[in-house]
Amino acid sequence: MKKLSFFNSKILLVAFLAIFVASCSEDEKNAIDLEQEQTLDKTDLKTILETDNVSGIADNVINNVFINKGTAGKASKETTDTCYDAVYSETGFVLTFNNCVLNGTSDVNGTLTVVYAVGLEESAFTVTYNDFYVGAIKINGSRSMVISSDQMSSTINFNVTSDLTVILEDDTEVIETGTKTVGIAFGQTLEENIFSVEGNWTLKVGADTYSVNVTKALKSNLACSYVSEGTMDVNKNGLAVTVDFGAGECDDKATLTYPDGTEQEIVIEE
């Protein structure tokens, strides 16, 4: 399975961190029939693990602003870039975009507001999206992030709380609520750079609702392109399934366990 997309988007936010911390389908069918017909497949897993693609792009937009503009010395100033206006205050800024192309993204339009607090070992910010577009994809809602670091153990943790509504290009509505904790432990080799995800969140994608509870941290590393470790419980429209990604093997497989004890191994990218 492809590495969780928020792993990748949060890598860019490490640079930002350095600024602060030195970062029912038919009426005749009854509920039992519906549950028996439900399955969890590779498309569902991709949906669960890759929903952060769009909001990750938005994170990168914010990161780009921090990298190029920074926050020091920006209080109470208005700045006009080639494609966005920025109004800074002591506690954050408001960005208004007009057909921006940042770090290879599609056209970025709309407004986002960032409010942040800076501490010695922990920083936090909340981003509010107001009709924020990346290409034809629209984002509304908010995402809060608390960032903490431990220099002794060379780790950074991002505790992310989301309440977002995303309208995709095909008009599918995606609603994400809940909390994820993304951890990054730095090592000397690619294999020793470990990414982990824990948390509980809910996704509503079109007619499907997924409730996700990570029961053992989902992990990967820079040398592997897949989620290689961890378990999560997924409830899809009332069907409860346990998903096991293994104990560290770098492969594109997951084992599903259904309520009746049936197990199924699937390959996500085949």
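From a predicted model like this one, the values you see are computed outputs, not experimental measurements.

(A) Quick look at the confidence of the model for the protein chain. Overall, the predicted model of the protein chain reaches an average pLDDT of 78, with 71% of residues at or above 70. Summarising per-element confidence for the protein chain, the mean pLDDT is lowest in helix α1 (residues 5-20) (43) and highest in strand β11 (residues 229-236) (96). Taken as a whole, residues 9-36 scores under 50 in pLDDT and shows 58 contacts with residues more than four places along the chain or in a different chain. For the stretch residues 70-80, pLDDT sits under 50, and the model shows 24 contacts to residues farther than four places along the chain or on other chains.

(B) Region of the structure containing the packing of aromatic side chains. Here the structure, examined in full by the defined rule, presents five aromatic pairs. Taking NZ or CZ as reference, Lys180 lies 4.7 Å from the ring centre of Trp201, over its face.

(C) A look at the pattern of salt bridges. Within the structure shown, the criterion is met by two salt bridges. A salt bridge links Asp44 to Lys236; the shortest N-O distance between them is 3.1 Å. Here the residue Asp44 occupies a position in helix α3 (residues 42-50), and Lys236 occupies one in strand β11, the gap between them amounting to 192 residues.

(D) Highlighting the state of the cysteines. By the definition in use, this model includes one disulfide. A sulfur-sulfur distance of 2.1 Å marks the disulfide that ties Cys224 to Cys250. For the disulfide bridge between Cys224 and Cys250, the dihedral angle about the S-S bond is near 100°, and by the sign convention the bridge is right-handed. Of this pair, Cys224 sits in the loop between β10 (208-221) and β11 while Cys250 sits in the loop between β12 (239-247) and β13 (253-257), placing them 26 residues apart in sequence. The class for Cys224 is buried, based on a relative accessible area of 3%. Overall, the relative accessible area of 45% leaves Cys250 in the partly exposed class.

(E) Unusual backbone geometry, seen in detail. In the Ramachandran plot, Asp131 falls in the positive-phi region, its phi being about 45° despite a non-glycine side chain. Within the fold, Asp131 resides in strand β5 (residues 122-134). Relative accessible area serves as the criterion here: at 37%, Asp131 is assigned to the partly exposed category. Within the chain, Asp171 stands out as a residue other than glycine whose phi angle is a positive 75°.

(F) Region of the structure containing the environment of Ser123. Looking at the element boundaries, Ser123 is found in strand β5. On the basis of relative accessibility, which here comes to 2%, the residue Ser123 falls in the buried class. With 23 residues separating them along the chain, Ser123 and Val146 place their C-alpha atoms 5.8 Å apart.

(G) Region of the structure containing the environment of Thr165. Relative to the assigned elements, Thr165 resides in strand β7 (residues 155-167). Residues Thr165 and Lys138, spaced 27 residues apart in sequence, show a C-alpha to C-alpha distance of 8.2 Å. Once residues within four sequence positions are removed from consideration, Thr165 is found in contact with Lys138, Ile139, Asn140, Glu173, Val174 and Ile175.

(H) The side chain of Lys236, seen in detail. The class for Lys236 is buried, based on a relative accessible area of 9%. One polar contact links the side chain of Lys236 to the main-chain carbonyl oxygen of Thr39, over a distance of 3.1 Å. Engagement of the side chain of Lys236 in a polar contact is seen with the side chain of Asp44, the distance being 3.1 Å. Beyond its immediate stretch of four places on either side in the chain, Lys236 contacts Gln38, Thr39, Leu40, Asp44, Asp208, Thr209 and Tyr210.

Rules of the game
Residues numbered from 1 in each chain as written. Predicted model: local features only at pLDDT ≥ 70, side-chain atom pairs only at ≥ 80, totals over all residues. Heavy atoms only, no water. pLDDT = per-residue confidence, 0-100. Helix = DSSP H or I, 4+ residues; strand = E, 2+ residues; numbered from the N terminus. Contact = heavy atoms within 4.5 Å. Phe/Tyr/Trp six-rings, centres within 6.5 Å; stacked < 30°, edge-to-face > 60°. Lys NZ or Arg CZ within 6 Å of the ring centre and 35° of its normal. Salt bridge = Lys/Arg side-chain N within 4 Å of Asp/Glu carboxyl O. Disulfide = S-S within 2.5 Å. Buried < 20%, exposed > 50% of the residue type's maximum accessible area, 1.4 Å probe, protein only. Polar contact = N/O pair within 3.5 Å; in protein donor to acceptor, adjacent residues only side chain to side chain.

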